[in-house]
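A structural walkthrough
Listed below, chain by chain, are the residues.
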Amino acid sequence: MSLQLGQIIDALGGSLEGAGRDTEIRRIAPLDSAGSGDLAFLSNPRYQSQLAASRAACVIVGPGMRAAALARGGCIVADDPYAYFARLTQLWVRAQGQGAPAGVHPSAVVDAQAQVHPTACIGPLCVVERGAVIGAHTVLKSRVTVGERCSVGARCILHPGVVIGADGFGFARQQGEWIKIEQLGAVRIGDDVEIGANTCIDRGALEDTVIEDGVKLDNLIQIAHNVHIGRHTAMAGCSAVAGSTRIGAHCTIAGAASIVGHLQLADNVHISTNTVVTHSITKPGQYTGVFPMDDNAKWEKNAATLRQLYKLRERIKALEQTLKDG
Amino acid sequence: MSLQLGQIIDALGGSLEGAGRDTEIRRIAPLDSAGSGDLAFLSNPRYQSQLAASRAACVIVGPGMRAAALARGGCIVADDPYAYFARLTQLWVRAQGQGAPAGVHPSAVVDAQAQVHPTACIGPLCVVERGAVIGAHTVLKSRVTVGERCSVGARCILHPGVVIGADGFGFARQQGEWIKIEQLGAVRIGDDVEIGANTCIDRGALEDTVIEDGVKLDNLIQIAHNVHIGRHTAMAGCSAVAGSTRIGAHCTIAGAASIVGHLQLADNVHISTNTVVTHSITKPGQYTGVFPMDDNAKWEKNAATLRQLYKLRERIKALEQTLKDG
Amino acid sequence: MSLQLGQIIDALGGSLEGAGRDTEIRRIAPLDSAGSGDLAFLSNPRYQSQLAASRAACVIVGPGMRAAALARGGCIVADDPYAYFARLTQLWVRAQGQGAPAGVHPSAVVDAQAQVHPTACIGPLCVVERGAVIGAHTVLKSRVTVGERCSVGARCILHPGVVIGADGFGFARQQGEWIKIEQLGAVRIGDDVEIGANTCIDRGALEDTVIEDGVKLDNLIQIAHNVHIGRHTAMAGCSAVAGSTRIGAHCTIAGAASIVGHLQLADNVHISTNTVVTHSITKPGQYTGVFPMDDNAKWEKNAATLRQLYKLRERIKALEQTLKDG
């Protein structure tokens, strides 16, 4: 498998300099490990020092790096080298002709009353239940479940083990026991959504759980019933959103962050790794709450003090009073 | 699909006032979005302000809200409106006639030496291994694994992707390598247990992992080997219990909380979201340990101070001594 | 099923004292619940008090406990009783003749271009994609996916629900939307690796994600793209490693710990439960960062103070200055 540089710029644009159109590219590779048949990219200025030493046949760079790149050898100059690289990986996969084939794998179990678009791909050992709808060009990799009446839009990718439409966790407590609240809602997923392996999105209790267009969810994420996630929000692995919380558009939720239930997060809110969001956020910005890691001995001393922190405050107050009185 | 109010009170009790027995209910809906064919409920006093404006055909309320509800229109008065609502959702599902069908789906792989009750439902692409026992009216949705010799009681629901009886994580370290300890125990699950999507319950090392009657587990939960969870305890999504820990009855473990191994938790212990339980708890109550979220800049200042917290304590001590000496 | 003590020491070594070679062992059991047909072990000195009262037919002990064990009854003296016990569990399983059978279960979906070693076991409802390689004596339990071009070494165990080779979470942001970066790398897993239920290991973006020999991963773990985990490192349940991080050999990562992306961890680093590793670690040792749990009322007081911690520091500084000036 190879592509010529000319084919690449014909498909993706950018200006090719210092290398021939017929140069064969056999691999897309990181700048530092690229060899003579490889195409690399430089977008993060942090890696600029690797440029001169790179053995790549060609490097994708932004306009500001054109001179430095040309001094080394061939380059493709593009306005946004990282986005260019992303599109290049897509071109590469198309050129390999190995996209997911349309149709339902014979081992999948698709209910007769499900609607699967003819261009969709339902992979091996998937389950698509009664009344579920799968949009055009959407791919269910393998071992994906889409439950009753749930809908998945167009051009979505659901990775192995994903569960859409399990029951939300709803019970009424009576005399110390839990009475199940049947979950009568469904899950509605927009277009261009990607959902990582073993991620779960529960159906709503009365109304639907909603994932808007362009949302990207990583692996092992928990989305509880009646959550609403706005357009183009991205959540990293092992994060979780509790019931009825509404997250805005263009948010990022870092890995293992948790958002408790019944909150509202504005658009453009960014939650740091492992942060627990316990109240609504109305202003865009970055929010954090992580216990700083330390060597264990130092942590133990700090943690012991932390358990008495409010007493420290009282001691300071007393000192201040003494000095004021004295 | 619809039910008349008369059918509902005949099945569930409560007193119908201000609306006719033959009123057709087409949907159970939230108070604020309910329309003229809908039945809503009000249990949390927080939502009382929504009552007057609701367009629902009928609202389920407690005795204390009877007058206010009647001033608006039809109502069902019930002692515990939330439990009534829960039972109503169950009635609704039964009336739809869409419960899980008894029997083994042809795509499931059930060992000849497994015992599946004739009223149980083994859904598509499930695996039930040798010696496993599945109780009456229990439902394995789709893609559930129940491992060798594990037992699941009656009226349980196991959601897609659940894994019962994978090996516990047991190794002996010798010369820097790990020697596997075969896990010879099993998993025993009581009656009326519900287990959320992709949740894992490992088999015991020598004796069994035990989940007692009425326990409710949400999605993506990890229950390690030889854990014992008492009756009617509920655990929310992404929580985890490490090996050999024993949790009492009627506990609640909030989302993403962790309980380390070899602990004992009393009955009626409630663990807050994301809290790490590092020692046994003998007294009922609510326990918490979460770093408070803040905007990132403020968090950074506080975190930097936290790393030096024990030194702050020493400085306060020195100040106190100086003042005392002076 | 039973084994005679003579068979056990013939297979595993150790010296049998105070009990006959022909003593029948019907179960391996914990010291405190062992009965007259049972073999128990004592390795942790913490449980030494249980020794005298144990009703076990025989107890595996270290040389230092020989006298105390003989005073009670039969014992096997072994240099490392815990490792001896581990090997005994393996012998037990072999004696039962119930290991995983070589071959591909008829319900599994194995691509014609995958390479599965004839001694490997591909369990029910597994998926092995094109170009994947499964090594000798490796067992894929049930419902495991091994993606395109990914390789799993010899003598590995992959528990139900494991997903190897889902796409890494890679996107370029452009004008507020996410452009997918196709993940062109694969996953390479060494020999003697065990991977717990529903754990996910993503394929690399350009190069491979690598899990070295002897690594042990528990359930519900997330390994992101291009992570590298060194030999004999063990990670407990619900832990997570973000992209491109490199973990050394012989590390232990406790449950629900998180390691952010692009870090380096040296060999012999030990991360405590729920700790968030936010910077590289160059020195072996134990590292911790967990908010200490307390009863909720006390936590609230401490958390409120913590939000103002840097102000406390300033107040202390001011006090120090006042005293110095005074």
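Residues numbered from 1 in each chain as written. Chains lettered and ligands numbered in written order. Predicted model: local features only at pLDDT ≥ 70, side-chain atom pairs only at ≥ 80, totals over all residues. Heavy atoms only, no water.

Time to look at the side chain of Thr305(C). Along the chain, Thr305(C) falls in helix α4 (residues 296–306). Among the polar contacts made by the side chain of Thr305(C), one reaches the main-chain carbonyl oxygen of Lys301(C) at a distance of 3.0 Å. Discounting residues that sit within four places of it in the chain, Thr305(C) has contacts with Leu309(A), Tyr310(A), Arg313(A) and Leu312(C). (Helix = DSSP H or I, 4+ residues; strand = E, 2+ residues; numbered from the N terminus. Polar contact = N/O pair within 3.5 Å; in protein donor to acceptor, adjacent residues only side chain to side chain. Contact = heavy atoms within 4.5 Å.)

This part is about the domain arrangement of chain A. What the domain assignment reports for chain A is domain 1 (3–96), domain 2 (103–287) and domain 3 (296–325). Summarising the inter-unit geometry, the C-alpha centres of domain 2 of chain A and domain 3 of chain A are found 44 Å apart. (Domains from an automatic or database assignment.)

What follows deals with the interface of chain A and chain C. Listed per partner, the contact involves 68 residues of chain A and 69 residues of chain C. Between chain A and chain C, a total of about 5800 Å² is buried, with carbon and sulfur atoms accounting for 64% of that surface. Three residues stand out in chain A for area buried against chain C, namely Arg143(A), Met293(A) and Tyr310(A), and they jointly supply 13% of the buried area on that side. Seen at the junction of chain A and chain C, the total is three salt bridges. As a salt-bridge pair, Asp294(C) and Arg307(A) come within 4.0 Å of each other at their nearest N and O atoms. Among the secondary structure elements, those contributing two or more residues to the side of chain A that touches chain C are β4 (27–28), α3 (81–96), β25 (216–217), β28 (234–235), β37 (294–295), α4 (296–306) and α5 (309–325) of chain A. Take the side of chain A that touches chain C: its biggest share by element is nine residues, from α3(A). Partitioned by chemical class, the residues of the side of chain A that touches chain C number 34 nonpolar, 21 polar and 13 charged. Note: β37(A) against strand β36 (residues 285–288) of chain C, two bridges, orientation antiparallel. Within the sheet, the bridge partner assigned to Asp295(A) lies in β36(C) and is Tyr287(C). (Buried area = accessible area lost by both parts, 1.4 Å probe. Salt bridge = Lys/Arg side-chain N within 4 Å of Asp/Glu carboxyl O. Nonpolar A, V, L, I, M, F, W, Y, C, P; charged D, E, K, R; others polar. Pairing = 2+ DSSP bridges.)

For the rest of this paragraph, the subject is the relation of the copies chain A and chain C. The transformation that overlays chain A on chain C combines an axial shift of 0.0 Å with a rotation of 120°, and the residual RMSD is 0.0 Å. A rotation of that kind, with that shift, is consistent with a three-fold axis. Taking C-alpha positions as reference, the residue of chain A nearest the rotation axis is Phe291(A), located at 3.6 Å. (Least-squares fit on C-alpha atoms with pLDDT ≥ 70 in both.)

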